[in-house]
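Inside the fold
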Amino acid sequence: MFNILKTAVLMAAITALFMALGSLIGGRSGMMVALLVAIGMNFFSYWFSDKLVLKMYNAQEVDETSAPQFYRMVRDLAQRAQLPMPRVYLIDEAAPNAFATGRNPQNAAVAATTGILRVLTDRELRGVMAHELAHVRHRDILISTISATMAGAISMLANFAMFFGGRDSEGRSHNPIVGIVVMLLAPLAASVIQMAISRAREFEADRGGAEISGDPEALASALQKIQRYAQGMPMAAAERHPETAQMMISNPLSGGGLRGLFSTHPSTEERVARLLAMR
């Protein structure tokens with residue numbers, strides 16, 4: 001119940017930030033328009049954001065014929081987790097990573113890069129996919145996908161505020177310096193909110209994944225190996241859509257500048273320590 005309340009507060013904060021940007025651009029009427037857009041985007045995100053994210057990464061659906069070993073692994077883990085069988089996708093990408101998406105366990109999808117299949121052993125890959133199914137079981141996938149969609153919209157709206165200025169409730173133009181400050185701070189604030197949503201959920205998914213697979217050491221080993229191989233190998237799609245980074249099992253971004261300071265993922269060292277403590 002506490003996690004549900006916390007998530008509701010954080011999503012309300014993202015919506016409020018969206019409305020504040022609308023107010024900057026168009027005063028009171030802009031704020032109301034932004035509220036309506038936020039409601040519409042949440043509705044869209046609920047039904048379609050999983051398809052949008054999978055398209056961003058050019059994920060291709062596979063089955064028991066096209067990827068038999070991987071598909072059977074996911075099916076076995078889903079049965080162990082007492083979950084419906086999710087749709088299974090592969091992403092043709094060298095960087096090792098994986099994520100889950102969808103509005104509920106009945107409409108979930110899991111995706112992994114071809115790089116992670118090459119880098120990890122079967123045992124380690126089971127740990128990773130169990131982690132993703134733990135997100136499905138905890139119903140994290142909807143909130144992470146909605147927050148990614150809203151954060152991307154906030155960034156676009158902030159750019160709009162900078163280049164086209166804004167007006168207050170009296171119809172007067174804002175100082176252009178304000179627009180520049182907002183352009184910089186609004187996406188940062190959205191990232192901080194995403195970070196608050198994501199970090200605790202990653203620890204819970206690690207714990208849940210270890211329970212599903214029955215092998216916390218395998219997930220710990222996988223996280224260490226992903227971090228080692230992913231250094232200097234950022235995902236191009238994630239760089240284009242950084243708001244989706246928090247959906248991944250490991251931060252897919254290059255980590256330069258503010259991105260490194262406000263990572264949506266806890267440190268690999270801490271995650272590994274917690275997993276090994278479960279032995």
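Because the structure is a prediction, the values reported are computed rather than measured.

1. Here we look at helix α10 (residues 268–276)
Listing the buried residues of α10 in full gives Thr-268, Arg-271, Val-272 and Leu-275. Projected down its long axis, α10 carries its buried residues within an arc of 95°, all on one side.

2. What to know about the packing of aromatic side chains
Throughout the structure, instances matching the rule amount to one aromatic pair. The interplanar angle of 50° and the centroid separation of 5.6 Å between the aromatic rings of Tyr-57 and Phe-99 together place this pair among those described as tilted. Of this pair, Tyr-57 sits in the loop between α1 (2–56) and β1 (60–62) while Phe-99 sits in strand β3 (residues 98–102), and the two are 42 residues apart along the sequence. Note on Phe-99: relative accessible area 1%, which makes it buried.

3. Re the sheet that holds β3
Across a sheet, paired strands are connected by hydrogen bonds in the backbone, their directions being either parallel or antiparallel. Pairing in this open sheet of four strands is mixed, and the strands run β1-β2-β4-β3 from one edge to the other. Among the strands making up the open sheet, the edge pair consists of β1 and β3. Direction aside, neighbouring strands of the sheet carry axes that sit 30° apart on average. In terms of strand pairing, β1 meets strand β2 (residues 87–91) through three bridges, oriented antiparallel. In the strand pairing of β2, Val-62 is matched with Val-88.

4. Remarks on the pairing of β2
Of all five residues in β2, four are buried; the element is thus mostly enclosed. Both β2 and strand β4 (residues 108–113) contribute to a ladder of five bridges, which runs parallel. Bridge assignment links Arg-87 to a residue of β4, and that residue is Ala-109.

5. Points about a nonpolar patch on the surface
A cluster of nonpolar residues, Phe-43, Phe-44, Tyr-46, Trp-47, Phe-48 and Leu-52, forms a patch on the protein surface that exposes about 570 Å² of accessible area. Note on placement: Leu-52 falls in helix α1.

6. Points about the nonpolar core
Residues Phe-70, Ile-116, Leu-120, Val-128 and Met-129 are the most contacted members of the largest nonpolar core, which totals 39 residues. Element by element, the count of residues in this core is highest for helix α4 (residues 122–137), at seven residues. Residue contacts for Val-128: discarding those within four places in its chain leaves Ala-98, Ile-116, Leu-120, Leu-219, Ala-222, Ile-226 and Ile-249. Core analysis: the next-biggest nonpolar cluster, separate from the first, contains 17 residues, Leu-54, Ala-109, Ala-111 and Met-247 among them.

Here is what the cut-offs are and how they apply
- Residues numbered from 1 in each chain as written.
- Predicted model: local features only at pLDDT ≥ 70, side-chain atom pairs only at ≥ 80, totals over all residues.
- Heavy atoms only, no water.
- Buried < 20%, exposed > 50% of the residue type's maximum accessible area, 1.4 Å probe, protein only.
- Helix = DSSP H or I, 4+ residues; strand = E, 2+ residues; numbered from the N terminus.
- Arc of directions from axis to C-beta.
- Phe/Tyr/Trp six-rings, centres within 6.5 Å; stacked < 30°, edge-to-face > 60°.
- Pairing = 2+ DSSP bridges.
- Axes fitted to C-alpha atoms, helices over the stretch in contact; angles between N-to-C directions.
- Patch = residues over 30% accessible without salt bridge, like charges linked within 9 Å, V, L, I, M, F, W, Y side chains within 5 Å.
- Areas by Shrake-Rupley, 256 points an atom, 1.4 Å probe, with all protein chains shown as cover.
- Salt bridge = Lys/Arg side-chain N within 4 Å of Asp/Glu carboxyl O.
- Core = buried A, V, L, I, M, F, W, Y, C linked by side-chain atoms within 4.5 Å.
- Contact = heavy atoms within 4.5 Å.

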